[in-house]
Amino acid sequence: MADVVTEMSPLDGRAGSGADTAVIVEHPHLSKINLRGDSGDQAFMDAVADAVGAAPPVEANTVMTAGKHSILWLSPDEWLVVTPEGKQGDMEVALAGTLEGQHVSIVDGTDARTTIRLHGADSRNVLMKGCPLDLHPRIFGPGQCAQSILAKADVLIHQLDDTPTYDIYVLYSFSRYLWDWLADAAKGFS
Amino acid sequence: MAKYSVFSLVRNALSYHENWQRAWRSPDPKPEYDILVIGGGGHGLATAHYLAKEHGINNVAVIEKGWLGGGNTARNTTIVRSNYLWDESAAIYEHSLKLWEGLSQDLNFNVMFSQRGVMNLAHNLHDWRELNRRVHAIRLNGVDSEILSAAQVKAEAPILNVSPDSRYPIIGASMQRRGGTARHDAVAWGYARAADQRGVDIIQNCEVTGFVINNGRVEGVETTRGPIKAKRVGVAVAGHSSVLADMAGFRMPVESNPLQALVSDPIKPVLDCVVMSSAVHVYISQSDRGEFVIGAGSDLHVSYSQRGSFEIIEGIMGALCELVPMVSRMKMMRQWGGVVDVTPDRSPIVGKTPVEGLFINCGWGTGGFKGTPGSGHAFAATLAAGEPNDMAGPFSLDRFRTGFLIDEAGAAAVAH
Amino acid sequence: MFLIDCPYCGPRQQTEFHCHGEAHIARPKDPDAISDVEWADYLFNRSNTKGVFYERWVHNHGCRRWFNLARDTVSDRILAVYRMGEKPPRVKK
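Worth saying up front: this structure is predicted, and the values here are computed from it rather than measured.

Student: Account for the overall build of chain A, with residues named and values stated.
Tutor: When helices and strands are tallied, chain A shows four helices and eleven strands. Computed over C-alpha atoms, the radius of gyration of chain A comes to 17 Å, within 12% of the 16 Å expected from 2.2 N^0.38 for 190 residues, which places it in the range of a compact globule. Principal-axis analysis of the C-alpha atoms gives chain A an extent of 55 × 50 × 25 Å. Contacts in chain A between residues at least 24 apart in sequence constitute 62% of all its contacts with a sequence separation of at least 6. In the structure as shown, chain A presents an accessible area of about 8,800 Å², 52% of it carried by carbon and sulfur atoms.

Student: Could you give me a rundown of the interface of chain B and chain C, with the residues and numbers involved?
Tutor: By convention, interface size is frequently given as the accessible area that disappears when the constituent parts associate. In this complex, chain B contributes 26 residues to the contact, which on the side of chain C involves 27 residues. Between chain B and chain C, the buried area comes to about 2,100 Å², and carbon and sulfur atoms account for 51% of it. Between chain B and chain C we count one salt bridge in total. Between B:R251 and C:D41 there is a salt bridge whose closest N-O contact spans 2.8 Å. At the surface where chain B touches chain C, the tally comes to 13 residue pairs in polar contact (both at pLDDT 80 or more). Broken down by secondary-structure element, the contributors of at least two residues to the side of chain B that touches chain C are helix 8 (241–248), strand 12 (255–264), helix 9 (310–323) and helix 11 (399–402) of chain B. Class assignment for the residues of the side of chain B that touches chain C results in eleven nonpolar, eight polar and seven charged.

Student: Describe the sheet that holds strand 4 (residues 118–122) of chain B, naming the residues involved and giving the relevant values.
Tutor: Residue and element names in this part refer to chain B. Sheet architecture is open: eight strands sit in the order 5-6-4-13-14-15-12-16, paired in mixed fashion. Each edge of the sheet is formed by a strand with only one pairing partner; in this case those strands are strand 5 (146–149) and strand 16 (332–342). Taken pair by pair, the neighbouring strands of this sheet meet at an average axis angle of 25°, ignoring direction. With ten bridges connecting them, strand 12 and strand 16 associate as antiparallel partners. Across the sheet, E255 pairs through a bridge with V342, a residue of strand 16. Running over the sheet, helix 9 touches strand 4, strand 12, strand 13 (274–277), strand 14 (282–286), strand 15 (292–298) and strand 16 and is turned about 130° from strand 15.

Student: Just give me the short version of the interface of chain A and chain C, but keep the residues and values in it.
Tutor: Across the boundary between the two partners, chain A contributes 15 residues, which contact twelve residues of chain C. Considering only the side of chain A, the residues that lose the most area to chain C are A:P132, A:Q147 and A:I149, jointly responsible for 39% of the buried surface there. The interface formed by chain A and chain C contains two salt bridges. Applying the counting rule to chain A against chain C returns ten residue pairs in polar contact (both at pLDDT 80 or more).

Student: Help me get a handle on the sheet that holds strand 8 (residues 113–119) of chain A, residues and values and all.
Tutor: All names here are of chain A. On the basis of which strands lie adjacent, the open sheet formed by six strands has the order 1-2-8-11-10-9 and antiparallel pairing. Edge positions in the sheet fall to strand 1 (17–19) and strand 9 (145–150), since each of these pairs with one other strand and no more. Taking the axes of each pair of neighbouring strands and ignoring which way they run, one obtains an average angle of 25° across the sheet. Where strand 9 lies against strand 10 (residues 153–161), six bridges are found, and the strand directions are antiparallel. When the bridges of strand 10 are listed, L150 appears paired with A153.

Student: I'd like a rundown of helix 2 (residues 42–55) of chain B, residues and numbers included.
Tutor: All names here are of chain B. Compared with an ideal rise of 1.5 Å per residue, which puts 14 residues at 20 Å, helix 2 spans 19 Å between its outermost C-alpha atoms and is within 8% of the ideal. Most of helix 2 sits out of view: eleven of its 14 residues are buried. Inspection of helix 2 places G42, H43, G44, L45, A46, T47, A48, H49, Y50, L51 and A52 among the buried residues, and these make up the whole buried set. Trailing helix 2 by a residue or two, G56 shows a phi angle of about 65°, which is positive.

Student: Before we move on, can you summarise the state of the cysteines with the specific residues and values?
Tutor: Residue and element names in this part refer to chain C. Applying the stated criterion to the full structure yields zero disulfides over all chains. Between C19, a cysteine without a disulfide, and C6, which holds the nearest cysteine sulfur, the sulfur-to-sulfur distance is 15 Å. Judged by its relative accessible area of 8%, C19 falls in the buried class.

Student: How would you sum up the domain arrangement of chain A? Please name residues and give values.
Tutor: Residues and elements named next belong to chain A. Domain parsing of chain A yields domain 1 (15–29 + 111–190) and domain 2 (31–109). Measuring from the centre of the C-alpha atoms in domain 1 to the corresponding centre in domain 2 gives 24 Å. With 15 residues of domain 1 in contact, the opposing surface of domain 2 contributes 13 residues. Carbon and sulfur atoms make up 53% of the surface buried where domain 1 meets domain 2, a total of about 1,200 Å² over both sides. Together, H29, R113 and C145 form the three largest contributors to the area buried by domain 1 at its contact with domain 2, with a combined 41%.

Student: Tell me about the environment of A:A94, and name the residues and values.
Tutor: Relative to the helices and strands, A:A94 resides in helix 2 (residues 88–98). For the pair A:A94 and A:V52, spaced 42 residues apart in the sequence, the C-alpha separation amounts to 8.1 Å.

Student: Give a detailed account of the nonpolar core, specifying residues and quantitative values.
Tutor: Counting 46 residues, the largest nonpolar core has B:L45, B:L51, B:V60, B:W100, B:Y191 and B:V200 as the members making the most contacts within it. The set of elements that each furnish at least two residues to this core consists of strand 1 (32–38), helix 2, strand 2 (60–63), helix 3 (87–101), helix 4 (103–107), helix 7 (184–197) and helix 10 (368–385) of chain B. When residues no more than four places from it in sequence are discounted, the contact partners of B:V200 are B:R25, B:A48, B:A52, B:N58, B:V60, B:A61, B:V62 and B:A195. If you look at the next biggest cluster of nonpolar residues, it comprises 35 residues, including A:L35, A:I71, A:L72 and A:L80.

Reading the values: rules and limits
Residues numbered from 1 in each chain as written. Chains lettered and ligands numbered in written order. Predicted model: local features only at pLDDT ≥ 70, side-chain atom pairs only at ≥ 80, totals over all residues. Heavy atoms only, no water. Helix = DSSP H or I, 4+ residues; strand = E, 2+ residues; numbered from the N terminus. Rg over C-alpha atoms; globule rule 2.2 N^0.38 Å. Contact = heavy atoms within 4.5 Å. Areas by Shrake-Rupley, 256 points an atom, 1.4 Å probe, with all protein chains shown as cover. Buried area = accessible area lost by both parts, 1.4 Å probe. Salt bridge = Lys/Arg side-chain N within 4 Å of Asp/Glu carboxyl O. Polar contact = N/O pair within 3.5 Å; in protein donor to acceptor, adjacent residues only side chain to side chain. Nonpolar A, V, L, I, M, F, W, Y, C, P; charged D, E, K, R; others polar. Pairing = 2+ DSSP bridges. Axes fitted to C-alpha atoms, helices over the stretch in contact; angles between N-to-C directions. Expected span 1.5 Å × (residues − 1). Buried < 20%, exposed > 50% of the residue type's maximum accessible area, 1.4 Å probe, protein only. Disulfide = S-S within 2.5 Å. Domains from an automatic or database assignment. Core = buried A, V, L, I, M, F, W, Y, C linked by side-chain atoms within 4.5 Å.

In structure tokens:
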């Protein structure tokens, strides 16, 4: 039985694109675990902190970062645990271990979505062409995330820094479309 | 009342068109009528016209809270067709279309009915199969309908993008050549003038504030211009049906949603048929003034605001730029909304209510304009006899209890 | 276009949401025991209120949570947002 699984992304082969001040690069295969549980239950929070290094954020639209791991708020009882490529198995096992016996859901969604990183001074302007979120720095800054729509595609947007840099999580099936849209939207900025 | 003709035109030209008679009177309400029609839109006015003309009942009043044709009659995209799936719908919409064909003569008023053809596009295999099924069903009902290939679609409407690489590739279309458009204001004015001529009182700025109901029987209405008695009352108020039903003490299976339309700047004639796409919720025709008249989709929330969401406009214009690329270089001049009364099976309700003597005609949803003559004709017969006629029968309010629904969501959902 | 204050995510544009009609319609506890008229009333009849209306929305492109709105259907002004299971607040136009 073959034991080599080659991970593939629908964006494989696409080099960085966009404009000088709005560069798009794919960060494929980041490990993504969808986690659900009761944030009001201290045992749940502690168990997640044991596995990931930080408890899930309770405040809406925020991200908790611990080392190489991030926990993105999705809804009051749902988070996305993002860890480096290839670590989804380890993280799933770790969470399943510390959360054993609790009423939770741990689902590996690594291959459901890919991540497009949008970086540069005009990144916000590019996003604003197709996203209804209020991305003004006063409202949306580093360490925040939000699920919304970008050019009709469902996305999860995470702002990483003030440059600004955004990680845009998008379903595989929408990723080529969104990539092309972003490349097109970045035209004119430089 | 003078008949409109080329002679009256010449005669009035001699006096610089300053002595045209008013098209209808503006009487004060009488204390009592045989039949009172609430709602001075196309449907209410048509009802009054056919009551007087077909049933000889002249002691009729139409009361309207605003002005004639100030609601959905003036807010729709004027598309007329009868390509509905089920027998009951085919009967009433085809009857309506036949009345449209002789309407200008009947009313002695040019309603500018133009049988330029109505095309429904198929963009994928499912659309195509569904469309073929419908065309067969429609033809079995004796209604004209034909299938067009993509090449034929292109020949009919060269401005369409039929490239297989387009976002919404066009596989083919169905075409009802007897369908078309009419002038919406003229329909209201023509019916009003013809009804008035036969003695019907048309009373504007008269809002119903309540019903007089005794022992389950309606005896009249309270209005902002005083009480009016009537032996029978017909309600034809579209989006406000639930409001009047509430006044009369019963509930309706109707929701009032915003439906939007818009027009472009005028250009030379480039489109001589109506093009509809249910898949992308857009329909377009070119008016005699040269404007593209574009219908959008409806919002899903209840609203009486006569305003819809911008996202609906944004969505359909995006789709339209793909379907008709030249639109991307045009300006949209005006955009508005109407309040459409939508039923669970997307078919109208014409007939009795739980209150004796009180009848209702509503639920025409996103497609009431085309139904105007047929609806008025059937409702007039129902009001005259006190019982629904054969055409109105299946569209009873009671069908929601019996379960005999007439599901026209596929023919009616949005594309009108 | 509404700006809807999602009780979980905060104010977001209407595009992210989906309206699911009138709120607080209770399914009859024993459908077999009621008449066709009562069943039809539950299934099809709606208040369709002109004025203050209570309705369900879901933040389907956001947190995917359901909640209720009180809205004036004449002005389209949103008067209150409240969570599922909460009693409808008394609001004025």
